[in-house]
Amino acid sequence: MPADFETVVGKKSSSLDEDWLRQRAEDYSGVALDIGTGDGRFVIAAAREEPDWLWIGLDPVKENMAKSARTAQSSIKRGGVPNAIFIRGTAEMLPGPFAGLADRITINYPWGSLLKIVSIPQKTLLERIKGCGKQGARVDIYLNYSTFTDPEYLDRLGFSESTDPATDPSLLETYVEAGFARPERTLFSGDPPFKSQWGRQLVRGADRQSLHLSTRILAN
Ligand SMILES: C[S@@+](CC[C@H](N)C(=O)[O-])C[C@H]1O[C@@H](n2cnc3c(N)ncnc32)[C@H](O)[C@@H]1O
């Protein structure tokens, strides 16, 4: 993983130019940052629905975003989505060039270190995410809640068996300490209210539930 953020252009990538990013942002009425974007289909769909917003997908795995990055850069006639861009990078590297840029932050069905940052949660790393948003920016996090009802899986992830982001009071406190409003927590069954490959895959089946954490950035 290179130390810098990279703009993904199909299978290729180049170092992210912060001036270019800020200029792009100025052309739109709002900026949304999707952290852990995966294959980027959520960003493509959201950007098509909101053409006056710049939608940015961030993920460490460039290859998974390559197809969406190619689609975004196609000509409009061929279904191009000029207001969607894809960046290789990790949540741990934030905010960097994204400092104070986003009016909205989404994190959908994270796994690995990103899941830990938002669900255990880790204050200093949450502060990195908070650093990407403007004051008042909306933040929506969707978690695969079945993770937290499977002690063996929790153990494999290195989580304590008692980790429960739906009830843990210290989770709310840590978000507040990191500069977010006290999150609202909602458990629900079935599909999430947006297109997400993983959201649908993970929640399919019997009693699978998702946990929605909804909050705002208080100050930056
Ligand atoms: C289950 S996939 C979800 C993808 C997409 N958000 C969706 O809903 O379809 C989890 C994603 O989190 C990303 N991820 C894991 N750790 C991360 C980190 N530290 N920073 C950014 N992304 C991370 C992975 O690369 C993966 O693409």
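Report on the accompanying structure. All figures in this text were calculated on a predicted structure; none of them were measured in a lab.

### Considering the overall build of the protein chain
At step 1: Looking only at helices and strands, one finds 8 helices and 9 strands in the protein chain.
At step 2: Whereas a compact globule of 220 residues would reach a radius of gyration of roughly 17 Å, the protein chain reaches 17 Å, a difference of no more than 12%.
At step 3: With the C-alpha coordinates aligned to their principal axes, the bounding extent of the protein chain is approximately 50 × 40 × 30 Å.
At step 4: Within the protein chain, the fraction of its 220 residues that count as buried is 37%.
At step 5: Considering only intrachain contacts with a sequence separation of at least 6, the fraction spanning at least 24 residues in the protein chain is 71%.

### Here we look at the sheet that holds strand S8 (residues 184-189)
At step 1: The mixed open sheet is built from 9 strands, whose spatial order is S2-S1-S5-S4-S3-S6-S7-S9-S8. Every other strand in the sheet has two partners, leaving strand S2 (12-15) and S8 as the edge strands with one partner each. Each strand of the sheet is rotated relative to its neighbour by a mean of 25 degrees, with strand direction disregarded.
At step 2: Sheet topology places strand S1 (residues 6-9) next to S2; 4 bridges connect them, and they run antiparallel. Its bridge partner lying in S2, Val-8 is registered against Ser-13.

### Some details on the nonpolar core
At step 1: Ranked by size, the top nonpolar core spans 52 residues in total, and within it Leu-33, Ile-56, Ala-102 and Ile-105 carry the most contacts.
At step 2: Residues within four places of Ile-105 in sequence aside, it is in contact with Leu-33, Ile-35, Ile-129, Cys-132, Gly-133, Ala-137 and Val-139.

### Describing helix H3 (residues 62-73)
At step 1: Between its terminal C-alpha atoms H3 stretches 15 Å, which fits the 16 Å expected from 12 residues at 1.5 Å a residue.
At step 2: Within H3, the full set of buried residues consists of Lys-62, Met-65, Ser-68, Ala-69 and Ala-72. All buried residues of H3 project into a common sector of 125 degrees when viewed along the axis, lining one side.
At step 3: Along its buried surface, H3 packs onto S1, S2, helix H2 (41-49), strand S4 (53-59) and strand S5 (84-88).

### Things to note about the pairing of S4
At step 1: Most of S4 sits out of view: 6 of its 7 residues are buried.
At step 2: Both strand S3 (residues 30-35) and S4 contribute to a ladder of 6 bridges, which runs parallel. From the neighbouring strand, Asp-34 faces S4, where its bridge partner is Gly-57.
At step 3: Read as a crossover between parallel neighbours, the route from S4 over H3 to S5 is right-handed.

### As for the pairing of strand S9 (residues 209-216)
In summary, the side chains of a regular strand alternate between the two faces of the sheet.
At step 1: Judged from the 7 bridges that link them, strand S7 (residues 133-144) and S9 form a sheet pairing that is antiparallel. Residue pairing in the sheet places Val-139 in a bridge with Thr-215 of S9.
At step 2: Two strands pair when backbone bridges link them, and S8 and S9 are joined in this way by 6 bridges, in the antiparallel orientation. By the bridge assignment, Glu-184 is partnered in S9 with Ser-214.

What counts, and at which threshold
- Residues numbered from 1 in each chain as written.
- Predicted model: local features only at pLDDT ≥ 70, side-chain atom pairs only at ≥ 80, totals over all residues.
- Helix = DSSP H or I, 4+ residues; strand = E, 2+ residues; numbered from the N terminus.
- Rg over C-alpha atoms; globule rule 2.2 N^0.38 Å.
- Buried ≥ 20, exposed ≤ 12 C-beta atoms within 10 Å, placed from the backbone.
- Contact = placed C-beta atoms within 7 Å.
- Pairing = 2+ DSSP bridges.
- Axes fitted to C-alpha atoms, helices over the stretch in contact; angles between N-to-C directions.
- Core = buried A, V, L, I, M, F, W, Y, C linked by C-beta atoms within 7 Å.
- Expected span 1.5 Å × (residues − 1).
- Arc of directions from axis to C-beta.
- Right-handed = clockwise from strand over helix to strand, strands pointing away.

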